[in-house]
Amino acid sequence: MYRVENDLLGDLNVPVNAYYGVQTQRAIENFQISCVKLNQFPEFIKGLAYVKWAAAETNFNLGLLDEKMKDVIVQAAKEVIEGKFNEEFPIDMIQGGAGTSTNMNINEVIANRALEILGYEKGQYQYCSPNDHVNLSQSTNDAYPTAIKLASINSNSNLIEHLRKLIQSFRRKGEEFKHVLKMGRTQLQDAVPMTMGQEFEAYAATLEEEIERLNQNSALFFEINMGATAIGTGLNAAPGYAKLCAENLAKITGHPFVSAPNLIEATPDTGSYVIYSSALKRMAIKISKICNDLRLLSSGPRCGLNEINLPPMQPGSSIMPGKVNPVIPEVMNQVCFRVIGNDLTVTMAAEAGQLQLNVMEPVLIYSIMESMKLLENGMDTLATKCIDGITANEEHCKEMVLHSIGIVTALNPYIGYKNSTKIAKEALETGKSVYKLVLEHNLLSKEQLDDILNPENMLAPKSK
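Residues numbered from 1 in each chain as written. Predicted model: local features only at pLDDT ≥ 70, side-chain atom pairs only at ≥ 80, totals over all residues. Heavy atoms only, no water.

Can you tell me about the overall build of the chain, naming the residues and giving the values?
Broken down by element type, the chain carries 16 helices and eight strands. For 464 residues, the compact-globule estimate of 2.2 N^0.38 gives 23 Å, and the chain exceeds it by more than 25% at 30 Å. Taking the principal axes of the C-alpha coordinates as reference, the chain spans close to 100 × 50 × 35 Å. Here the chain, with 464 residues, has 51% of them falling under the buried criterion. Long-range contacts, defined here as pairs at least 24 residues apart, represent 72% of the contacts in the chain between residues at least 6 apart. (Helix = DSSP H or I, 4+ residues; strand = E, 2+ residues; numbered from the N terminus. Rg over C-alpha atoms; globule rule 2.2 N^0.38 Å. Buried < 20%, exposed > 50% of the residue type's maximum accessible area, 1.4 Å probe, protein only. Contact = heavy atoms within 4.5 Å.)

Below is the structure:
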């Protein structure tokens, strides 16, 4: 069953029960690109609805909407925010038109729900129009990027909660492994001793830094360009609309939104997305590096480092019996690769802006929101299916320390770099231990050597 709606291009059939309208239907038919739909990102839909709510309040404050029309638009917007109409947003995230299809999708859904509240049929837009009422005093070019920013702020809060859980997993392992002595490595070569607890606590610490970076960069989203309309001149918006709309959006969302000081500058500017995406990339690089470490540390079990055991999640080979692969770090690596690639997409989309508008914002916001969702899912998987179940091969780790050439570094302050080098070389050539060679060469007494080469004494700064 269909109803007939029309626009600039003529008549078009729209499903009779759909809350979206003709322009959304055209987008459905035109943009079968990524097969990832707007309804897969509820925070974005909420952001759009909050913008329409704030716009309606502002238009009422300025005498441009009567109270009854304002109230039904706000009610419809609130219902969208509650998630009641998520399936009414079926358009592809990647689209031409600088987001016009997305803006019209929310305009049509709110208008048709408002019509329903008023007792009219869907499509009777003479009583509540997607353009003349819901989109009053707006353009896609201010409403769409403002919704993106609100969605990104809320999604950032969600992302940080998932990040905190991963940090906690590493921190718990740091505490659990604080007594496990092992060899530190630089350039994949033996370096000096440390504890596995120090190693895992360092993972927690480096990821904790990212919380501040994410919050710092997402704060740039608080500056919005509502009231700019098409290019920043404010055509078709009443005097005072920009400042008042930012205040209304701040009031209803609880976020400190402010109107951009120069709306012509703010309308094509995508700098805040670029710097936020870079924070996602930075975090992804760190997580990927950690996953590389986990795969190295668990390599073996007989012919690798074999310092830790990852939880066995699935058989690892269709031909090699008994093989179990580090599948969780592997999948997290791939998540990080995708995030890093998405950052390049954001960079190119931002660079492609021309004159008074950047028409590439759809792929830009899709890339950012996909990165956040991938990181959320990936970090949860990494924490619960990998980190929480890691065990240490404590005796194996200690044995490697005791037989390492690397502990000769601790002798430098006592016998000098030249003698230390000779001992290391001879140990490599003869297979003798550093301990035995130092005594053979009468470089230190047994008591001195026992104290210096006590592995626990090499875990922190120590006076001679």
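Further notes follow.
Quick one: what's the story with the environment of Q25, residue by residue and with numbers?
On the secondary structure map, Q25 appears in helix 1 (residues 22-30). On the accessibility criterion, Q25 (10% relative accessible area) is buried. Residue contacts for Q25: discarding those within four places in its chain leaves L12, N13, V14, P15 and Y20.

Tell me about the nonpolar core, and please be specific about residues and values.
By size, the foremost hydrophobic cluster in this structure holds 110 residues, and its most contacted members are F44, I287 and L375. Those residues in contact with L375 that sit more than four places away from it in its chain are L159, L280, M283, I287, M332, V335 and V339. The next biggest cluster of nonpolar side chains, apart from the first, holds 19 residues, and it includes V408, A410, I415 and A427. (Core = buried A, V, L, I, M, F, W, Y, C linked by side-chain atoms within 4.5 Å.)

Describe the side chain of K52, naming the residues involved and giving the relevant values.
Relative to the helices and strands, K52 is located in helix 2 (residues 42-61). No salt bridge forms around the buried K52; measuring N to O, its nearest opposite-charge neighbour D142 is 6.9 Å away. A polar contact of 2.9 Å, which involves the side chain of K52, links it to the side chain of N107. Among the polar contacts made by the side chain of K52, one reaches the side chain of N135 at a distance of 3.1 Å. The contact partners of K52, leaving out residues within four places of it in the chain, are I73, N103, I106, N107, I110, V134, N135, Q138 and A143. (Lys, Arg positive; Asp, Glu negative; His and termini not counted. Salt bridge = Lys/Arg side-chain N within 4 Å of Asp/Glu carboxyl O. Polar contact = N/O pair within 3.5 Å; in protein donor to acceptor, adjacent residues only side chain to side chain.)

Help me get a handle on the packing of helix 3 (residues 67-81) against helix 4 (residues 100-118), residues and values and all.
Here helix 3 crosses helix 4 at 115°, and the two axes come no closer than 8 Å. In this structure, the crossing between helix 3 and helix 4 has a hand that is right-handed. Listed contacts from helix 4 to K68, V72, I73, Q75, A76, A77, E79 and V80 of helix 3 are I106, V109, I110, R113, A114, I117 and L118. Per-class residue counts for the contact of helix 3 with helix 4 are eleven nonpolar, one polar and three charged. (Axes fitted to C-alpha atoms, helices over the stretch in contact; angles between N-to-C directions. Left-handed = near helix turned anticlockwise from the far one by under 90°. Nonpolar A, V, L, I, M, F, W, Y, C, P; charged D, E, K, R; others polar.)

Please set out the state of the cysteines residue by residue, giving values where relevant.
The full count for this structure, using the stated rule, is zero disulfides. C291 supplies the cysteine sulfur nearest to C386, a cysteine that is in no disulfide, at a spacing of 7.1 Å. C386 gets classed as buried once you look at its relative accessible area, which sits at 1%. (Disulfide = S-S within 2.5 Å.)

Account for the side chain of N59, naming residues and giving values.
With respect to the helices and strands, N59 occurs in helix 2. When neighbours within four sequence positions are excluded, N59 is seen to be in contact with L64, L65, L136, S137 and Y241.

Quick one: what's the story with the packing of helix 2 against helix 8 (residues 241-253), residue by residue and with numbers?
At a minimum axis distance of 8 Å, the contact between helix 2 and helix 8 shows a crossing angle of 125°. One element, helix 2, and the other, helix 8, form an angle in the oblique class. The two elements helix 2 and helix 8 meet at a crossing, and its hand is right-handed. Across from Y50, V51, W53, A54, A55, E57, T58, N59 and N61 in helix 2, the residues of helix 8 making contact are Y241, L244, C245, N248, L249, I252 and T253. Of the residues that constitute the contact of helix 2 with helix 8, the class distribution is ten nonpolar, five polar and one charged. (Parallel < 35°, antiparallel > 145°, perpendicular 65-115°, else oblique.)

Quick rundown of the pattern of salt bridges? Include the residues and the values.
According to the stated counting rule, one finds 30 salt bridges in the structure shown. Measuring nitrogen to oxygen at the nearest pair gives 2.5 Å for the salt bridge that ties R113 to E79. Here E79 lies in helix 3 and R113 lies in helix 4, a separation of 34 residues in the sequence. Of the two residues, R113 and E79, both sit in the buried class. For R113, the salt bridge identified is with E116, shortest N-O distance 2.8 Å.

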